[in-house]
Amino acid sequence: MNTHHDPAIITAVLMAAEGAINRGLELDPASARDLADLSGTVLAIECWAPALEVFAIVEPEGRLHLTPYCEQACSVRVRGGLNDYLALTTAEDPAVTLINSDLEIIGNSAPLIALQTLVAKMQPDWEAPLVGVLGDVAGHQLANLLRQIFQWGEASSKSFRRQLSEFILEEGRLSPPAAELEYFYQEIDSLVLKVDRLESRLKRLAQRLKTPAR
Amino acid sequence: MTDKTNAASGETTDFGFETVNKNEKEGLVRGVFDSVANRYDLMNDLMSAGIHRLWKRFTIELSAVRPGQTVLDIAGGTGDLAAKFSRLVGDNGQVLLADINDSMLKVGRDRLLDSGAVGNLHMVQCDAQMLPFPDASIDCITIAFGLRNVTDKDMALRSMERILKPGGRLLVLEFSKPVNPIFEKIYDTYSFRVLPLMGQLFNNDADSYRYLAESIRKHPDQDTLLGMMEDAGLVNCEYHNMTGGIVAVHRGIKA
Ligand SMILES: C[S@@+](CC[C@H](N)C(=O)[O-])C[C@H]1O[C@@H](n2cnc3c(N)ncnc32)[C@H](O)[C@@H]1O
């Protein structure tokens, strides 16, 4: 399992990505129907460095469920190192690259290609939900990353690979927990402040009440 | 009768940091939740800035509940988890929402009615220590932020083990011991100073929230709870820390 990462953070990121996709699907009933045809498909994406495993499950209503944990039998499992995935995201023809790459595909690759094509066509708004979860910088980077992954071939900028590996190795590991902690600290800070102010206001009030009217 | 015997024997337990008589605790706990039931969800959201939704979602993933199964959510309060399970088990499955507190269940029922998920859902007012269900009748039990309120946690865990089907699983989502000491310090400030004041602001009930904060501190840490689950007869017990160990989800399987 994803033992090296905080499940709450992975869940947050997956929830945001899932939200973006499903909102896109709501606005695009045709794609939702296409997706519903793949209902029951369980796609496992496994990366060994950094170690991460994510499952995409197609639900009957034509929605996608992303989760770090799944006990259902997988229809197809993709397995590889970060570099193999990077190669895929910058490929001209993803289907060919997928077959020829070092990525190991266990099971039927048809639903995998179908899923990717579908999401690429939808162009979901990754930005807003991810920025909501991860903050501006990391959220924007991951949104960029997802855009590229789902439009592989179309936009294969030279620096993309470098950007991507930087994100996953640096930001991806450090920044989400940091962002979450920072958020938590900020919340506490501002609460403590408010509480302090409130306390002194209450005290002043109490004092005023106690002081006999002249 | 037993009431008197216990009172006479002076058996005590922790109510937050005050040590009280065991029987009194049940009354006190009920009082706390009676007074916060209506505002509970709002408070819950504010207290953990919505992060509790992530904790709950991961707990549901770990349950791996399937259509047709029977799920029991103990100390289910206002029905957060039950609503999700109701969708997962489908028409052929069953979700039991159990809580010791009637007003919590009422709020839960109203909310679940609003969300449209009631066909396969049943409310049961009962005590986690004495679950009124047949042996080996449940596929999955969850208890989220509830075990810390239970007087005799070992008794409750044994009661859960009894009603699980072989291979069935128990998931305990609960505040735990932060793994980072700095974090622990900040968290203490938050829970002892901020929580009660927020309670006062929103509910006029600082005592209830101070009690919540104290009961978090009194709750067994990760490994202690793991040992308690094993003692209750569960196997393959494991836990996952979340958000720096502020919260952990424990899972055990009925042999
Ligand atoms: C903090 S709330 C948790 C509600 C819900 N599970 C959630 O995560 O939002 C704790 C609940 O435990 C219930 N409770 C306390 N002691 C109990 C007991 N001995 N048996 C069953 N429920 C109990 C309270 O009534 C309350 O609804």
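Residues numbered from 1 in each chain as written. Chains lettered and ligands numbered in written order. Predicted model: local features only at pLDDT ≥ 70, side-chain atom pairs only at ≥ 80, totals over all residues. Heavy atoms only, no water.

On to the site of the ligand, then. Residue and element names in this part refer to chain B. By nearness alone, 20 residues border the ligand, and Lys 56, Ala 75, Asp 99, Ala 128 and Ala 144 come closest of all. With respect to the ligand, the side chain of Lys 56 contributes an N or O atom lying 2.9 Å from an oxygen atom. Coverage of the ligand by the protein amounts to 98% of the 600 Å² it exposes when considered alone. Elements supplying a minimum of two residues to the shell around the ligand: helix H2 (22-36) and helix H3 (40-47). A breakdown of the residues in the shell around the ligand according to their chemical character gives 11 nonpolar, 5 polar and 4 charged. (Near = heavy atom within 4 Å. Polar contact = N/O pair within 3.5 Å; in protein donor to acceptor, adjacent residues only side chain to side chain. Areas by Shrake-Rupley, 256 points an atom, 1.4 Å probe, with all protein chains shown as cover. Helix = DSSP H or I, 4+ residues; strand = E, 2+ residues; numbered from the N terminus. Nonpolar A, V, L, I, M, F, W, Y, C, P; charged D, E, K, R; others polar.)

Tallied over the entire structure, the rule returns 17 salt bridges over all chains. Arg57(B) is the partner of Glu18(A) in a salt bridge, and the nearest nitrogen-oxygen pair spans 2.7 Å. In this pair, Glu18(A) sits in helix H1 (residues 7-26) while Arg57(B) sits in helix H4 (residues 51-63), so the two residues belong to two different chains. Among the residues examined, Arg57(B) registers a relative accessible area of 15% and is labelled buried. Among the ionic contacts, a cluster of salt bridges with common partners joins Glu46(A), Glu53(A), Arg77(A), Arg79(A) and Glu104(A). (Salt bridge = Lys/Arg side-chain N within 4 Å of Asp/Glu carboxyl O. Buried < 20%, exposed > 50% of the residue type's maximum accessible area, 1.4 Å probe, protein only.)

Okay, the side chain of Asn120(B) next. Residues and elements named next belong to chain B. Among the structural elements, Asn 120 can be located in the loop between helix H6 (102-115) and strand E5 (121-125). A polar side-chain atom of Asn 120 sits 2.8 Å from a polar atom in the side chain of Ser 86. Of note is the side chain of Asn 120, whose polar atom sits 2.9 Å from the backbone oxygen of Gly 90. Beyond its immediate chain neighbours, meaning those up to four positions away, Asn 120 contacts Ser 86, Val 89, Gly 90, Gly 93, Gln 94 and Val 95. (Contact = heavy atoms within 4.5 Å.)

So, on to the sheet that holds strand E3 (residues 63-67) of chain A. Backbone-to-backbone hydrogen bonds pair the strands of a sheet. The strands run either parallel or antiparallel. Residues and elements named next belong to chain A. Read across the open sheet, the 5 strands follow the order E3-E2-E1-E4-E5; overall the sheet is mixed. Among the strands making up the open sheet, the edge pair consists of E3 and strand E5 (104-107). Going across the sheet, the axis of each strand differs from the next one's by a mean of 15°, ignoring polarity. With 5 bridges connecting them, strand E2 (residues 51-59) and E3 associate as antiparallel partners. Looking across to E3, one finds that Val 58 is bridged to Leu 64. Set on the sheet, H1 makes contact with E2 and E3; between it and E3 the angle comes to about 170°. (Pairing = 2+ DSSP bridges. Axes fitted to C-alpha atoms, helices over the stretch in contact; angles between N-to-C directions.)

Residue and element names in this part refer to chain B. Taken in spatial order, the 7 strands of this open sheet run E5-E4-E3-E6-E7-E9-E8, and their pairing is mixed. Each edge of the open sheet is held by one strand with a lone partner, namely E5 and strand E8 (234-242). Here the strands of the sheet are splayed against their neighbours by 15° on average, with no regard to which way each runs. Sheet topology note: the E8/strand E9 (residues 247-254) ladder contains 7 bridges and is antiparallel. Across the sheet, Val 235 pairs through a bridge with Ile 253, a residue of E9. Taken strand by strand, helix H7 (residues 153-163) contacts strand E3 (70-74), strand E6 (138-144), strand E7 (164-175), E8 and E9, and its axis lies near 145° from that of E7.

A few words now on the packing of aromatic side chains. Residues and elements named next belong to chain B. Going through the model one piece at a time under the given rule, you end up with 3 aromatic pairs over all chains. When the ring of Phe 145 is compared with that of Phe 175, the centres are 4.9 Å apart and the planes differ by 45°; the resulting orientation is tilted. Remark: Phe 175 occurs in strand E7 and Phe 145 occurs in the loop between E6 and H7; sequence separation between them is 30 residues. Residue Phe 145 shares its accessibility class with Phe 175, and that shared class is buried. (Phe/Tyr/Trp six-rings, centres within 6.5 Å; stacked < 30°, edge-to-face > 60°.)

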